[in-house]
Structures are given as structure tokens and as C-alpha cells.
Amino acid sequence: MAESDDQYDALGAIYERAKHIPTGLAERATLLSAVGDLLGRSVLDVACGTGFYARLFHDLGATTVVGVDSAGEMIGYARYVEEREPRGITYEQHDATDLPVFGEFDVVTAVWLLGYADDESAMDAMIANLTANLAPDGRLVVLVPNPDADWDLLAQYGRYGYEVSRTGPMNVKQPVNVHVLGDPPFDFDSFYWERGVFDGALTRAGLEVTREPAVTPDDDRGEEFWGPLRQSPSFAVFSAVRGVR
């Protein structure tokens, strides 16, 4: 295997490991519940990262999948996997604030994107660009940091595979560090926004917004394990459709 292939495999192993820890399993279950049946549908996955969800959407029956991310190394890895395991997924490098119109998609997803907006006007621009890619009866599904998070419960999140700690004062958005446990562990920065910001921005875009309940796996760890996560997930999922004009 070429050295570049080794580097891409290492990148994927690190970043996609977060999709398989317990909170990642709940994130996936909640997102897929909101997205619904993808058989024969078209999907635009913005902030696709390494292409994890883009590949999952294809494998769940989507006939057209386009992944977009601003990070060259993420798009590079996603294209590497596509070359190795062809699915017909197209990957493009663009920033969400300058996202072009690729077409009219049945479903547009944005996982962990909106929390990284510089401010509310940048968030409005992102949502306008996402909405511009929706078919008339399409659905926008966004996964964001939970604006109603209970910080006492988040302090116990080690059982779910990562730890969240506040790194600065709250001023509309709360900067945090996320420490993903494992071998090797890794960290990334994120932001928790005030209640009402995400759904308010979606509503300003002319969308009818629904907050989706957190879904957890049905496994042998049971309610004692999963109950606190459902009570205060680290994430929130909003689905939105065009309002009646």
C-alpha cells in the first residue's frame, strides 16, 4: 500500500472512531430516524467529513449522494474510500457559507455544521445555502450541539465515549473542548449555542421546524445506561421543511 494510503487509513480510523462510541451510535440512530426512508432518494450531505454518513445514506438506498466539506484532507479521504469501494458518490470541496446549488435534493443533511458558524448571520447564510439545494418537498435535517444540555449530566459522559468541558464564557455560544476517549484519544473544539438560536435561524429561512427526540440503540446495556443520554444528549437533531407561503 502506498504511504498516502497508510495516511488516509490512519485518518479514517481516528475520525470515524467517534461514530462508533456509544454517543455516536445514538447520534446515528437519531439522525437516521429523522431522515426517514432513503430508498430511491437523492441526498446532499454538507460537512460530510470523511464521508461516513454519505456512504451510509447510499447503503440505505439513496440513488444519488453528494458529499461536501471545506476540509481538503476530509474530502481526500472520502474520495480515497470511493476509489477503493465505488458507490457512485460525488465529493466536492466548498465552504458552507459559499455553497453552490448542486441541484434539487430530496434530503439535505448537515451534521455538526451549524455550531461552527461565526455568528448568527453566518448561520443564516449557511441555512439559506442548504435550503437552496432542497427540492420543493425536500427535508433539511441538521444535527447540532444540544442547546438544552444539562452540564451536570455532560460531566458524566465518559461512559458514552467522550468528555465535554467548557473552555470559555458563554456569550450566545459556549466554547467547549471534546475529548474522545480511546487509543489514541483525540480532542476537538466545538460550541454550544443558546436555546432558540438554531430553530430560530431555521424558522427565519421560511422552514417549519421539528425537534426530533433522541433515539438510543436497543441493546443489552438497557435503560440504566442509555437513560441519562436520552435525558441530556450532547447533540440535538432538527428537521425542517418549507413552510406554506
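Please read these numbers as outputs of a predicted model, since none were measured by experiment. (Residues numbered from 1 in each chain as written. Predicted model: local features only at pLDDT ≥ 70, side-chain atom pairs only at ≥ 80, totals over all residues. Heavy atoms only, no water.)

## Thoughts on the overall build of the protein
Here's step 1: When its secondary structure is counted, the protein shows eight helices and ten strands.
Here's step 2: Against the compact-globule benchmark of 18 Å for 245 residues, the protein has a radius of gyration of 17 Å, which places it among compact chains.
Here's step 3: If you line up the protein on its principal axes, its C-alpha atoms span 55 × 45 × 35 Å.
Here's step 4: A burial count over the protein gives 49% of its 245 residues as buried.
Here's step 5: Pairs at least 24 residues apart make up 69% of the contacts formed inside the protein by residues separated by at least 6 positions.
Here's step 6: Surface accessibility of the protein: about 11,200 Å² in total, with carbon and sulfur atoms responsible for 49%.
Here's step 7: Of the side chains in the protein, 19 bear a positive and 40 a negative charge, and the two mean positions are spaced by 4 Å. (Helix = DSSP H or I, 4+ residues; strand = E, 2+ residues; numbered from the N terminus. Rg over C-alpha atoms; globule rule 2.2 N^0.38 Å. Buried < 20%, exposed > 50% of the residue type's maximum accessible area, 1.4 Å probe, protein only. Contact = heavy atoms within 4.5 Å. Areas by Shrake-Rupley, 256 points an atom, 1.4 Å probe, with all protein chains shown as cover. Lys, Arg positive; Asp, Glu negative; His and termini not counted. Charge placed at Lys NZ, Arg CZ, Asp CG, Glu CD.)

## A few points about the sheet that holds strand β4 (residues 105-111)
Here's step 1: Read across the open sheet, the seven strands follow the order β3-β2-β1-β4-β5-β10-β9; overall the sheet is mixed. Each of the sheet's edge strands pairs with one partner strand only, and the pair in question is β3 (90-93) and β9 (207-212). Neighbour-to-neighbour, the strand axes of this sheet turn through a mean angle of 20 degrees, independent of strand direction.
Here's step 2: Where β9 meets strand β10 (residues 235-242), six bridges bridge the pair, whose relative direction is antiparallel. Across the sheet, Thr210 pairs through a bridge with Ser239, a residue of β10.
Here's step 3: Its contacts with the sheet place helix α7 (residues 197-204) against β5 (134-145), β9 and β10, and it is angled at close to 155 degrees to β9. (Pairing = 2+ DSSP bridges. Axes fitted to C-alpha atoms, helices over the stretch in contact; angles between N-to-C directions.)

## A closer look at the packing of helix α2 (residues 22-35) against helix α8 (residues 222-231)
Here's step 1: Contact geometry for α2 and α8: axes closest at 11 Å, N-to-C directions at 60 degrees. Between α2 and α8, the angle is such that the two are oblique. Crossing handedness for the pair α2 and α8: right-handed. Judged by residue contacts, Pro22, Thr23 and Ala26 of α2 engage Phe225, Trp226 and Leu229 from α8.
Here's step 2: Grouping the constituent residues of the contact of α2 with α8 by class yields five nonpolar, one polar and no charged. (Parallel < 35°, antiparallel > 145°, perpendicular 65-115°, else oblique. Left-handed = near helix turned anticlockwise from the far one by under 90°. Nonpolar A, V, L, I, M, F, W, Y, C, P; charged D, E, K, R; others polar.)

## Points about the nonpolar core
Here's step 1: Formed by 38 residues in total, the largest nonpolar core has its most connected members in Leu31, Leu38, Phe57, Tyr91, Tyr162 and Leu229.
Here's step 2: Residues in contact with Tyr91, not counting those within four places in the same chain, are Cys48, Gly51, Ala54, Arg55, Gly67, Ile75, Ala78, Arg79 and Glu82.
Here's step 3: Among the nonpolar cores identified, the runner-up in size contains 30 residues, and Leu44, Leu99, Phe198 and Ala240 belong to it. (Core = buried A, V, L, I, M, F, W, Y, C linked by side-chain atoms within 4.5 Å.)

## What about the packing of aromatic side chains?
Here's step 1: Scanning the entire structure with this criterion turns up eleven aromatic pairs.
Here's step 2: Between Trp193 and Phe198, the ring centres sit 6.2 Å apart and the planes meet at 55 degrees, which makes this aromatic pair tilted.
Here's step 3: Among the residues examined, Trp193 registers a relative accessible area of 3% and is labelled buried.
Here's step 4: By the ring-pair criterion, three or more aromatic residues cluster together here, those being Tyr157, Tyr160, Tyr162, Phe225 and Trp226.
Here's step 5: Above the face of the Trp151 ring, Arg166 is positioned so that its terminal group lies 4.5 Å from the ring centre.
Here's step 6: Over the ring of Phe191 we find Lys173; its NZ or CZ atom is 4.4 Å from the centre of that ring. (Phe/Tyr/Trp six-rings, centres within 6.5 Å; stacked < 30°, edge-to-face > 60°. Lys NZ or Arg CZ within 6 Å of the ring centre and 35° of its normal.)

## Section: the sheet that holds strand β7 (residues 173-180)
Strands in a sheet are paired, the pairing made by backbone hydrogen bonds, and the direction either parallel or antiparallel.
Here's step 1: On the basis of which strands lie adjacent, the open sheet formed by three strands has the order β6-β7-β8 and antiparallel pairing. Of all the strands in the sheet, just β6 (162-166) and β8 (186-193) have a single pairing partner and so form its edges. In this sheet, neighbouring strand axes are inclined to one another by 30 degrees on average, regardless of whether the strands run parallel or antiparallel.

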